Amino acid sequence: MNFVSENYWYMMNDAYFSVFSEPYSQIISEPVKVSLERAIKESDLFMAEDILTIYPIVPLRVEADFDGGIFFYVAPSSLAEKVPEAFPRTVLVPNQFPPLSDHTGVKYKPTAWLGTRTKTSFSAQKIKAAVLGALALLPHQFERYTFTGRRVFGGEASFVGSGYSIRFGGSETPALSEDITLTADDKPWLEILATRLRSNDIQDRKHIKALEYFYRAWEPSSVARFPVLFMALDAIFGDASRATQSVISALAPLMGEKYDNKRLRKILKLRAAVLHGGAPDVVESDTYHDYYVDYGEDPISDLESIVAKCLRQEIFGSTMVERPHTYADLIKEKTGRIV
C-alpha cells in the first residue's frame, strides 16, 4: 500500500480524475506498467536495507572476534566497527546497554555482543536462537545447566542507516555459573554455522531448527527442557513414518556401547509419555523410575548428554569439542569422580 501511494504519480495521467470500476491493470497503459515494474524492483519490497540487531550477552567473553556476515560475536571494544557507517560514532557507547550516549535511564555492562544482519526482526530472532543454541553446546553438561543468582539482563538495539531503536527484555542466556570464552580456536565451527544459516539446503535447515530447539531448552527447569530436547532430536533425525526407529538408528553409532538399543528405546518411551499425555511431568512416568532402577542414571541428564553430543557431531563434526569442566581437577581431587 505504501508503494502504491508513493508511486501513484506514475498512474496519474491514466487514472487521475477518472471514475472506473475496473481494476487498475485494465486502466493504466503498458508504458506505465513497465515504469511501475522498474520502480518496484528498486523499492524496499525487494531491496530492503539490512537491519543490524545487537544483543548484549552477559556470561560470554570474546577473546577473538568473529564475523560471519549473517551474525557476529565481538567484544564491546569492537562494536563501533560493526554499526552502519551512517550511524554517528559520537553517539555510540560500545561498553554499555543501551549503547547510546544520550540514554539517561538504567545502563548495563555487557561483556560481549551478538549481532545479526537480516531483512526483518523476525529473522533476527530466529538467527539469534540458532547461534545461541550452538553456543550452548560448548560448556560441559554440568556447567551448561548450573545456574546462579547473578544478575543477567537483556534487550536489543537495531540499526538501519543513521536510525536506531531500543528494546529492553529478558536475558538472552540463563545465569550460567561460569562464563563461556570464545577464542580463535572456535573459528572453524563458527564458520560452519554461518554457512548453514545462509543455506537453503534441506539438511542444513534441519540442523538450524535443531539448534533453535536446543536454545529453547537452555533453561533452569530440567522437567521443562526434557520434551524440548526431544524436539531437537526429531528436528535433526526424525522421520514421521518411523519416528522412534529413525532416531535410534541415528543415535546408536554416535553414543557407543553404553547406550544400546534397549536403553535408547526406554528413553524414547519417555518421550511418548510426556508428549502424548501420559505424564505432564516426566518424573511422574513409571518409565522414569524404571530407567533409574535399571541404569542408575537420571534419564533427563542422559538425554541432555545425548542431544548435545549428537548436535555437535552431526552439525559441526570434529570442529566443536565440549569444554572440560572448569573445576574438573578439583572435583577429581576431592571426590575421585571424573567429570
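A short tour of the structure in this document, coming up. This is a predicted model, so every value here is computed, not measured.

Looking only at helices and strands, the chain has 15 helices and eight strands in total. Relative to the 2.2 N^0.38 estimate, which gives 20 Å for 339 residues, the radius of gyration of the chain is 25 Å and therefore markedly larger than a compact globule would have. Taken over the C-alpha atoms alone, the chain extends approximately 85 × 50 × 35 Å along its principal axes. Looking at the chain residue by residue over its 339 residues, the buried ones come to 45%. For the chain, restricting intrachain contacts to residue pairs at least 6 apart in sequence, the fraction spanning at least 24 positions comes to 69%. Counting only carbon and sulfur atoms, one obtains 52% of the accessible surface of the chain, whose full area is about 17500 Å². Between the centroid of the 38 positive side chains of the chain and the centroid of its 44 negative side chains there is a distance of 3 Å.

Here we take up unusual backbone geometry. Omega for the peptide link from Phe 97 to Pro 98 comes to -5°, which places this bond in the cis form. In this structure, Pro 98 sits in the loop between β4 (71–74) and β5 (112–118).

This paragraph deals with a nonpolar patch on the surface. Taken together, the side chains of Trp 9, Met 12, Tyr 16 and Phe 17 present a nonpolar region at the surface, about 520 Å² in accessible area. In this fold, Tyr 16 is placed in the loop between α2 (12–15) and α3 (24–27).

Before going further, it helps to spend a moment on the packing of aromatic side chains. Taken as a whole and judged by the stated rule, the model has 14 aromatic pairs. Each ring, one from Tyr 8 and one from Tyr 24, has its centre 6.3 Å from the other, and the planes form 80°; the classification is edge-to-face. Taken together, the residues Tyr 8 in the loop between α1 (2–6) and α2 and Tyr 24 in helix α3 connect sequence positions 16 residues apart. Owing to a relative accessible area of 22%, Tyr 8 belongs among the partly exposed residues under this scheme. Pairing Phe 97 with Phe 168 gives two aromatic rings, centres 5.5 Å apart and planes at 75°, and the pair type is edge-to-face. Of this pair, Phe 97 sits in the loop between β4 and β5 while Phe 168 is found in strand β7 (residues 163–169), placing the two residues 71 residues apart along the sequence.

This part takes up the pairing of β5. Burial of β5 is extensive: six of the seven residues sit out of reach of the surface. Pairing geometry for β4 and β5, over four bridges, is antiparallel. Across the sheet, Phe 72 pairs through a bridge with Gly 115, a residue of β5.

A few words on helix α9 (residues 202–216). Residue pairs three or four apart in sequence face the same way in an α-helix, which turns once every 3.6 residues. In this model α9 runs 21 Å from its N-terminal to its C-terminal C-alpha over 15 residues, within 8% of the 21 Å that 1.5 Å per residue would give. What α9 keeps buried is the set Asp 204, His 207, Ile 208, Ala 210, Leu 211, Glu 212, Phe 214 and Tyr 215. Here the buried face of α9 lies against α6 (121–135), α7 (141–144), α8 (187–198), α10 (222–237) and α14 (299–316).

The angle between the axes and the distance between the axes are what describe a pair of packed helices. Remark: α10 packs on α14, axes separated minimally by 10 Å, with the N-to-C direction vectors making an angle of 30°. Along this stretch, α10 crosses α14, giving a crossing that reads as left-handed. Contacts from Ser 222, Arg 225, Phe 226, Leu 229, Phe 230, Ala 232, Leu 233, Ile 236 and Phe 237 of α10 reach α14 at Pro 299, Ile 300, Leu 303, Glu 304, Val 307, Cys 310, Leu 311, Glu 314 and Ile 315. A class-by-class count of the residues in the contact of α10 with α14 yields 14 nonpolar, one polar and three charged.

On to the pattern of salt bridges, then. By the definition in use, this model includes 18 salt bridges. The salt bridge partner of Lys 82 is Asp 67, with a shortest N-O separation of 2.9 Å. One end of the pair, Lys 82, is in the loop between β4 and β5; the other, Asp 67, is in strand β3 (residues 66–67), and 15 residues separate them in sequence. Since its relative accessible area comes to 18%, Lys 82 is described here as buried. A relative accessible area of 33% means that Asp 67 is categorised as partly exposed. Arg 150 is paired through a salt bridge with Asp 179; the nearest N and O atoms lie 2.8 Å apart. One end of the pair, Arg 150, is in the loop between α7 and β6 (154–160); the other, Asp 179, is in the loop between β7 and β8 (180–182), with 29 residues separating them in the sequence. Judged by its relative accessible area of 27%, Asp 179 falls in the partly exposed class.

Cut-offs used in this document
- Residues numbered from 1 in each chain as written.
- Predicted model: local features only at pLDDT ≥ 70, side-chain atom pairs only at ≥ 80, totals over all residues.
- Heavy atoms only, no water.
- Helix = DSSP H or I, 4+ residues; strand = E, 2+ residues; numbered from the N terminus.
- Rg over C-alpha atoms; globule rule 2.2 N^0.38 Å.
- Buried < 20%, exposed > 50% of the residue type's maximum accessible area, 1.4 Å probe, protein only.
- Contact = heavy atoms within 4.5 Å.
- Areas by Shrake-Rupley, 256 points an atom, 1.4 Å probe, with all protein chains shown as cover.
- Lys, Arg positive; Asp, Glu negative; His and termini not counted.
- Charge placed at Lys NZ, Arg CZ, Asp CG, Glu CD.
- Patch = residues over 30% accessible without salt bridge, like charges linked within 9 Å, V, L, I, M, F, W, Y side chains within 5 Å.
- Salt bridge = Lys/Arg side-chain N within 4 Å of Asp/Glu carboxyl O.
- Phe/Tyr/Trp six-rings, centres within 6.5 Å; stacked < 30°, edge-to-face > 60°.
- Pairing = 2+ DSSP bridges.
- Expected span 1.5 Å × (residues − 1).
- Axes fitted to C-alpha atoms, helices over the stretch in contact; angles between N-to-C directions.
- Left-handed = near helix turned anticlockwise from the far one by under 90°.
- Nonpolar A, V, L, I, M, F, W, Y, C, P; charged D, E, K, R; others polar.

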